[in-house]
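What the coordinates show
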Amino acid sequence: MKNYYQILGVSKEASPEEIRKAYHKLAHKYHPDKGGDEKKFKEINEAYQILSNKEKKAQYDRFGQVFDGVSGQPDPGFGFNWAWGKSPGRGADFGVDLGEIFEDIFAGGGQRTRKKDFKKGKNIRVDLEIPLEKILKNQKKKIILYKMISCPRCHGRGAEPGTALNKCFACGGTGGVQQIQRTFLGSFTRWTVCPECGGEGQKPEKPCNVCKGEGRIKGEENIEIFIPAGVDSNQVIKVSGKGEAGKKGGNPGDLYVRIFLKEHPTFKRRGDDLFVSLPISFSQAAIGDEIELITLEGAKFLLKVPEGSESGKILRISNKGIPHFSGYGRGNLYVELEVKTPKHLSRKQKELLKKLKEEGL
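As a starting point, this report considers the structure included with it. Quantities reported herein were computed from a predicted structural model and do not represent experimental measurements.

A look at the overall build of the chain
Looking only at helices and strands, the chain features eight helices and 15 strands. A separation threshold of at least 6 residues defines the contact pool for the chain, and within that pool the share at least 24 residues apart is 64%. Summed over its atoms, the accessible surface of the chain is roughly 21600 Å², and 49% of this surface lies on carbon and sulfur atoms.

Set out below in structure tokens:
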């Protein structure tokens, strides 16, 4: 069992601010793009995703593990592997919600059925490509998804408007029925999905003419995604409740958006730092100069080139890189000087160079 507090180097009583600061410090230290340990970086990310979330932290403190969704797997956060369940439905092979099993145990069991598991919509994963210059500020991106949406006629009930939903006679409205299993240890009684209502607990008096009683249909939905400044390739943004609509009013799935950054023709990203190559002439390198440089966001400023600069010399400009994902500060901009040797000289230029050669240059 992983000790997330130990991974971040904080105590169990640490405040959210202390957890955030510890994560920010370790993430920069172990970031793979800065030569850090990728495995350690993923551990740090995982620990922060849990301890920075109030509900997940409470689950972890109680059970030593976090459960989310029908798959019983940790919630997919930035940089984590995916955990997708099968589409729930009648006769489907469900994943088991271990969190609810714990609740059953501590609550003493009973005739409790997990109808929301049977009706929950599928999660959706999409990839989104963004230009590098667009991640300097928070932004909202609109996308259109073709997926299962709530039926507009019955509003997810599955029944024709004006008609009733009747209690299932087989399970008495619980959605589950008893199943007795006999083993060499004795007989065990467990609750399983009612075969008559498919775990719904009720049946429509008259199924909806549009969705045929399912409560959802195929359709388009416009979704707005908030993309924080400083997001990097392969990071994942979770949009709760924007997956596929649940069956017959069940909870919707979630949308997971994986970010990919387009390569920029001039600037290269390494962690939260930016690198750019700047060609300069021999005279600028020898006696120095002030050169106008355009940053990634399109702003202009004068860069002072020291006299005697050699090709490959790197100049650092603080706070002109990528905003830190934590929301505090920015990386740096590194400018590599590239002294260009002229290939075509005029007669006057050749004469001047000859005179410089005579002077020992």
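Looking at the nonpolar core
Among the nonpolar cores identified, the biggest contains 37 residues, and Leu255, Val257 and Val335 are the most heavily contacted of them. If you look at the next biggest cluster of nonpolar residues, it comprises 18 residues, including Ala14, Ile44, Tyr48 and Tyr60.

A look at unusual backbone geometry
Phi at histidine 155 is positive, roughly 55°, even though this residue is not glycine. By the secondary structure assignment, histidine 155 is in the loop between strand S2 (139–150) and strand S3 (165–167). On the accessibility criterion, histidine 155 (63% relative accessible area) is exposed. Unusually for a residue other than glycine, lysine 212 sits at a positive phi of about 60°. Secondary-structure assignment places lysine 212 in the loop between strand S6 (202–204) and strand S7 (216–227).

Here's the deal with the packing of helix H2 (residues 16–30) against helix H3 (residues 38–51)
It is at 9 Å that the axes of H2 and H3 come closest, and there the two elements cross at 165°. Comparing their axes, H3 and H2 come out roughly antiparallel. The two elements H2 and H3 meet at a crossing, and its hand is left-handed. Here Ile19, Arg20, Tyr23, Leu26, Ala27 and Tyr30 of H2 come into contact with H3, specifically with Lys40, Phe41, Ile44, Asn45, Tyr48 and Leu51. Residue composition of the contact of H2 with H3, by class: nine nonpolar, one polar and two charged.

Some remarks on the sheet that holds strand S10 (residues 268–270)
Pairing in this open sheet of four strands is mixed, and the strands run S10-S11-S15-S14 from one edge to the other. Every interior strand has two partners, whereas the edge strands, S10 and strand S14 (314–317), have only one. Direction aside, neighbouring strands of the sheet carry axes that sit 30° apart on average. Where strand S11 (residues 273–280) meets strand S15 (residues 333–339), seven bridges bridge the pair, whose relative direction is parallel.

What counts, and where the lines are drawn
- Residues numbered from 1 in each chain as written.
- Predicted model: local features only at pLDDT ≥ 70, side-chain atom pairs only at ≥ 80, totals over all residues.
- Heavy atoms only, no water.
- Helix = DSSP H or I, 4+ residues; strand = E, 2+ residues; numbered from the N terminus.
- Contact = heavy atoms within 4.5 Å.
- Areas by Shrake-Rupley, 256 points an atom, 1.4 Å probe, with all protein chains shown as cover.
- Core = buried A, V, L, I, M, F, W, Y, C linked by side-chain atoms within 4.5 Å.
- Buried < 20%, exposed > 50% of the residue type's maximum accessible area, 1.4 Å probe, protein only.
- Axes fitted to C-alpha atoms, helices over the stretch in contact; angles between N-to-C directions.
- Parallel < 35°, antiparallel > 145°, perpendicular 65-115°, else oblique.
- Left-handed = near helix turned anticlockwise from the far one by under 90°.
- Nonpolar A, V, L, I, M, F, W, Y, C, P; charged D, E, K, R; others polar.
- Pairing = 2+ DSSP bridges.

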